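Coordinate inspection notes
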Amino acid sequence: MLPQWMCAQDIDPVLLQAKARLDSVQSFEAGLKLSVDISFVNMSPKQATMTYTKGEPTTFSSEDFVLIPKRGLDFSLSEIFEYPFMTVDRGYEVIFGRPCKLLNIIPLDKRADFSIATLGVDTVNYSVMKSEISTKKDGTYEVLLSYGQSNDIIPGRVEVSFEIERIRIPLQYMGKEIEVDKSAMKMEEVKRGRIILDIEPALVELVK
Amino acid sequence: MKTLIQAELYKLMHQRMTYFALAAILVIEGIVLVSAYFQGSAILDILLDNLRESFYFQGTLLNGHLMVYLILNSLWFHLPLILMIVSAGLFTTEHKERTLQMMMQQPISKTHFIISKYLVAVVFSLVVIVLLMVSSMMISYSLFGTGDLVVYLGTLNFFQSAEAFERIVLAYLCGSLTVIFFSVVSVTLAIWVRDTTIAWIVSAFFLIISNLLLKVDLGIDWFDNYFFVKLNDTWQLLFNTEIDWSHIYFNNALLVTYTVLFMFIGVMIFRRRDVA
Amino acid sequence: MILTGHALSKQYGDLQALDHVDVSCESGRIYGLLGANGAGKTTLFRILLGLTKPDHGQVIINSKRKKPLGGIIEKPAAYDYLSARQNLRLFSSVQGAPKDDNTISERLESVGLPLDRHDPVRNFSMGMKQRLGIAIAMLNDPECLVLDEPFSGLDPLGIDSLLRLIRNLAFEHSISVIVSSHIVDQLARLCDELLVLRSGKLVNRGITQNIIVACTDSYTICGSGLSNYDWGNYEASIAGQCVTVTADAEGIGELIEQLTKQGLRISSCSPNINMSKLFDSKLV
């Protein structure tokens, strides 16, 4: 059931189809391979297990130390649909070879975490292929999703890009004295980082 | 020469000085471990502060590998200092007690005698490094477990547990060449000055100057790349993501060359000088 | 000759420590090296033992033994944190000498050290340290023993005991012994030959008794009733039960005979050596 405010709003039907499709997943467990791409971080790809249950926070477990992105793993688009919003049609774009409709999501409630979001939704399979969300506090992050089979509900690969400040260590900690290039540091104080998650879902349970 | 080496080891094991030195090293290790634990959280907070904005952390970095790494990182002054005192004492004590004269009256080769002292200094240094490595690992891993290791060398380098362990072991072995170098230098300085107190002062001075010069970049090629003071932190190269093995091998080979050179100088001085 | 030192000279800065000193030693004889502090005795011994190189001259050792010379320079040196047995074992092992328990026990017994002391040498008396030093010097059976001031720091009993030990070593093992001291009485009792060193030069050398006789102007006779005796033409100075009489070696014999005929009990008769004569003149 859609919330009351959605019934009264003029929300693009493609988005509603995508949401319904995502809501059909009751739970799943997936193996994750996380690859971090941040200039000042060198970390080999890590393995983790992700457990999603509808209506509950997603949990992660791993034997190693892993970085779990705070954003980009909201498969149910619950963050977007939490408060009333309106959609604006921005046209079409081909993403990963699929025709996608671009939609701006503009929240109508100031309690919403984000100021604007852009989604690219596959018009054939109603899968979210791309999202760009400008949060109020945590900057802007982009998510690119690709799917193994075109009709898969759960993406096979998710790339999350975000802004991250250059690490600044005031004292020499735990390492060799490094050459501090101050001018380079000033230019690159805010950088973009990326994390790539390769997902192998298993035990997918759909809503009956 | 085998009997001379055995005799030197026998003397070393029967002197109280040796056990005081070992106890001091283990106590320092314990203090470093305790401070590493309390500082470890603060260090990790600073290092991971920016990442925390964008990521949740699953798993803990405050583990045994970090403790061992912090012990490893803080030992390169205290450990060589104590070992230099013991190594210099191998010669100066005999000179002061005149057992050196007594030994030189026996039918033994002067060269073999002094080389055996150098070799025992090397062996003792190696034994201490191994003892330190094993004890720090046993205590750290049993108390704090294992996990990923994070090292800051301009970038945050994360190493998985097995790889972290290998790198740490290699770092200890690589660092042992540094410690051996200082031990050999202290024996040479002891042969040169002969007096116990002066030998300790000169050895400490050498160590302090080496540590200070390590941090100085003069922009002169031979100094920055080939001078022995710059070779003493080669072990840190093992914590870059991509290990530059050729650089490490080169540095270590050069350090071994310097070690042999100092040994040669000491042997020459000893051979040429009157014993009394 | 087991050991010959020819024209040995050594200079330290402006100080001529040794100046063309000749020394030679035969097996089975005990040589005394007499000299004041700083005369050059220790320097000579260091050169003989190969611890110091002479500026001029050479040392010739006529021995095929693995260790031709053994010695003690200044005070005896041993590893004071080891026991006597451990020291002997250590010094034996480095020079390939037998180091089994029985041999070590024999070595300890030969110098009169107890077999049941297992504590570190730092607990030993000076006399015991000297004995240990001699035991170490005797490892590998050298043909010549060089002992630098071995009586220094010993009490009279210790000196007596060491004198007997050195005599036994020389006679039983037929080794040559060179002993240095600045006290002529000690050497007079022990040595067959005496070498006298002054300011780095050898000023006197010869049979000990000949040198003593030649340098003795007076004798001190001790006994009962001497203070009441009429000394006649002899110059006599009385002090308690002892009398110092001016006489030469021949004269003193006659005097003792007279005193004995008079019924006087003589407890001792010691020569008073004229140090100026001893260190200034050459007598052979």
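Since this is a predicted model, take the numbers as computed values, not measurements. (Residues numbered from 1 in each chain as written. Chains lettered and ligands numbered in written order. Predicted model: local features only at pLDDT ≥ 70, side-chain atom pairs only at ≥ 80, totals over all residues. Heavy atoms only, no water.)

1. Structural notes on helix H3 (residues 64–74) of chain B
Residue and element names in this part refer to chain B.
- Counting buried residues in H3 gives nine out of 11 residues, a clear majority hidden from the surface.
- Among the residues of H3, those classed as buried are Gly64, His65, Leu66, Met67, Val68, Tyr69, Leu70, Ile71 and Leu72.
- Where H3 is buried, its residues touch helix H2 (16–54), helix H6 (110–144), strand S2 (149–152) and helix H7 (161–193).
- Its side-chain oxygen at 3.0 Å from the backbone nitrogen of His65, Asn63 defines the N-terminal cap of H3. (Buried < 20%, exposed > 50% of the residue type's maximum accessible area, 1.4 Å probe, protein only. Helix = DSSP H or I, 4+ residues; strand = E, 2+ residues; numbered from the N terminus. Contact = heavy atoms within 4.5 Å. Polar contact = N/O pair within 3.5 Å; in protein donor to acceptor, adjacent residues only side chain to side chain.)

2. Quick look at unusual backbone geometry
- If you check the backbone angles, Arg194 of chain B has positive phi at about 70° while not being a glycine.
- With a phi close to 50°, Glu149 of chain C is a non-glycine residue in the positive phi region.
- In this fold, Glu149 of chain C is placed in the loop between strand S6 (144–148) and helix H5 (156–173).

3. Some details on the layout of surface pockets
Residue and element names in this part refer to chain B.
- In this model, the second largest pocket occupies a volume close to 560 Å³.
- Along the wall of the second largest pocket there are 27 residues; nearest its centre are Gln15, Met17, Gly89, Thr93 and Glu97.
- Among the residues forming the lining of the second largest pocket, the class breakdown is 10 nonpolar, seven polar and 10 charged. (1 Å grid on protein atoms, 1.4 Å probe; cavity = no way out; pocket = protein on both sides within 12 Å on 5 of 7 lines; lining within 4 Å. Points joined across faces, edges and corners; volume = space filled by probe spheres on them. Nonpolar A, V, L, I, M, F, W, Y, C, P; charged D, E, K, R; others polar.)

4. Notes on the side chain of Asn125 of chain A
- Relative to the assigned elements, Asn125 of chain A resides in the loop between strand S8 (114–122) and strand S9 (128–135).
- A relative accessible area of 16% places Asn125 of chain A in the buried class.

5. Description of empty space enclosed by the protein
Residue and element names in this part refer to chain A.
- Considering all chains together, one arrives at five cavities of 30 Å³ or more under this definition.
- In this model, the largest cavity occupies a volume close to 190 Å³.
- Lining the largest cavity are 17 residues; nearest its centre among them are Asp74, Phe75, Leu77, Ser131 and Leu145.
- Where the lining of the largest cavity is concerned, the elements lending two or more residues are helix H3 (78–81), S9 and strand S10 (140–146).
- For the lining of the largest cavity, the class distribution of residues is 13 nonpolar, two polar and two charged.
- Around the second largest cavity sit Leu22, Val25, Phe28, Tyr52, Phe75, Ser76, Ile153, Ile154 and Pro155, which together line it.
- Within the lining of the second largest cavity, the residues separate by chemical class into eight nonpolar, one polar and no charged.

6. Concerning the sheet that holds strand S3 (residues 156–159) of chain B
- What the three strands build is an open sheet, ordered S2(A)-S3(B)-S2(B); its pairing is mixed. Pairing within the sheet leaves two strands with one partner each, and these edge strands are strand S2 (41–42) of chain A together with S2 of chain B.
- The pairing of S2 of chain A with S3 of chain B spans two bridges and is parallel. Bridge assignment links Asn42 of chain A to a residue of S3 of chain B, and that residue is Asn157 of chain B.
- Across the face of the sheet, H2 of chain B comes into contact with S2 of chain A together with S2 and S3 of chain B while running at roughly 100° to S3 of chain B. (Pairing = 2+ DSSP bridges. Axes fitted to C-alpha atoms, helices over the stretch in contact; angles between N-to-C directions.)

7. Some thoughts on the state of the cysteines
Residue and element names in this part refer to chain C.
- Following the criterion strictly, the structure yields one disulfide over all chains and no others.
- There is a disulfide in this structure between Cys222 and Cys242, and the S-S distance comes to 2.0 Å. Since a negative S-S torsion denotes a left-handed disulfide, the Cys222-Cys242 link at about 105° is right-handed. Of this pair, Cys222 sits in strand S10 (residues 216–224) while Cys242 sits in strand S12 (residues 242–246), placing them 20 residues apart in sequence.
- Its relative accessible area of 14% is what places Cys222 among the buried residues.
- Cys144 takes part in no disulfide bond, and the closest cysteine sulfur to it belongs to Cys25, at a distance of 4.8 Å. (Disulfide = S-S within 2.5 Å.)

8. Concerning the domain arrangement of chain C
- Taken domain by domain, chain C comprises domain 1 (3–199) and domain 2 (216–275).
- With centres defined by C-alpha atoms, the gap from domain 1 of chain C to domain 2 of chain C works out at 37 Å. (Domains from an automatic or database assignment.)

9. Re the nonpolar core
- Counting 229 residues, the largest nonpolar core has Ile80 of chain A, Leu51, Phe158 and Phe239 of chain B together with Ile134 of chain C as its most contacted members.
- Looking at this core, the element that brings in the most residues is H7 of chain B, giving 16 residues.
- If sequence neighbours within four positions are ignored, Phe239 of chain B has contacts with Tyr69, Leu72, Leu149, Val151, Leu153, Asn157, Phe159, Arg167, Ile168 and Ala171 of chain B.
- Counting 12 residues, the second-largest nonpolar core is a separate cluster that includes Tyr229, Val243, Val245 and Leu259 of chain C. (Core = buried A, V, L, I, M, F, W, Y, C linked by side-chain atoms within 4.5 Å.)

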